[in-house]
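Residues per chain, in single letters:
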Amino acid sequence: MGFNLDDYEPVASRLDRFLKTHPDARVITDLVHYLSDVAVFKCELWLNGEIIATGWAEEIRGQGNVNKTSHVENCETGAVGRALANAGLSGSDFAKRPSREEMGKVQRMQGETTITENSNLASEKQQNMIRAVCKSMGKVPPHNLQAFSKREASAYIDSLKAGEQPAPTYDTPEEPF
């Protein structure tokens, strides 16, 4: 991936620019989920009594240097950055939509991860979310969680959040005894 981290405008400067342009605007953040070190924030940007954009972020304690000590703060900043980008404040070029923080994460991950043919597998965040939610509900995570695709993991998370009992998954098409 060819990018230059210096091309990305930090969330703090975009937020400052937004608030100076719209002094009556409101920025509302909400910690919508925190369980087993997984934080999810939502940010709403309000202007003239209406929501003009939202942004979401998820961070896991310990993933990356910042998240070792400040994963909740990092998550909130990420949600604000996404909302600002969704409102059109992503820098001078729309192609530079990701925040500096997001691209820093990509840059760090490049040193740690090699993309392989398994890139469609569930992300570590998805797997950790499933484990955390299952634990909080007193359920055992699926035994084949590492083999879930991103789509299967998302569907499983949605069913857990809805309070449904996800269908068990098996390695073979046969029913277990």
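Summary of the structure given here. (Residues numbered from 1 in each chain as written. Predicted model: local features only at pLDDT ≥ 70, side-chain atom pairs only at ≥ 80, totals over all residues. Heavy atoms only, no water.)

## Here we look at the packing of aromatic side chains
Here comes step 1: One pass over the structure, following the stated rule, counts 1 aromatic pair.
Here comes step 2: Here phenylalanine 148 and tyrosine 156 contribute two aromatic rings whose centre-to-centre distance is 5.6 Å and whose plane-to-plane angle is 70°, an arrangement assigned as edge-to-face. Across the pair, exposure class does not vary: phenylalanine 148 and tyrosine 156 are buried alike.
Here comes step 3: The ring of tryptophan 46 carries arginine 26 above its face, with NZ or CZ at 5.1 Å from the centroid. (Phe/Tyr/Trp six-rings, centres within 6.5 Å; stacked < 30°, edge-to-face > 60°. Buried < 20%, exposed > 50% of the residue type's maximum accessible area, 1.4 Å probe, protein only. Lys NZ or Arg CZ within 6 Å of the ring centre and 35° of its normal.)

## Let's talk about the nonpolar core
Here comes step 1: Within the largest apolar cluster, 16 residues are counted, with the highest numbers of intra-cluster contacts made by Phe18, Cys43, Leu45, Cys75, Ala79, Val80 and Leu84.
Here comes step 2: Contributing elements (two or more residues each) for this core: helix 1 (11–21), strand 2 (38–47), strand 3 (50–60) and helix 2 (71–86).
Here comes step 3: Those residues in contact with leucine 84 that sit more than four places away from it in its chain are Val11, Arg14, Leu15, Phe18, Leu45 and Leu89.
Here comes step 4: Within the second largest apolar cluster, 14 residues are counted, among which are Ala122, Met129, Ile130 and Cys134. (Core = buried A, V, L, I, M, F, W, Y, C linked by side-chain atoms within 4.5 Å. Helix = DSSP H or I, 4+ residues; strand = E, 2+ residues; numbered from the N terminus. Contact = heavy atoms within 4.5 Å.)

## Things to note about the pattern of salt bridges
Here comes step 1: What the rule picks out here adds up to 3 salt bridges.
Here comes step 2: Note that lysine 20 and aspartate 16 form a salt bridge whose closest N and O atoms lie 3.1 Å from each other. One end of the pair is lysine 20 and the other is aspartate 16, both in helix 1 and 4 residues apart, which spans about a single turn.
Here comes step 3: A relative accessible area of 39% means that aspartate 16 is categorised as partly exposed.
Here comes step 4: Where lysine 42 meets glutamate 44, a salt bridge forms, and the shortest distance between an N and an O atom there is 3.4 Å. (Salt bridge = Lys/Arg side-chain N within 4 Å of Asp/Glu carboxyl O.)

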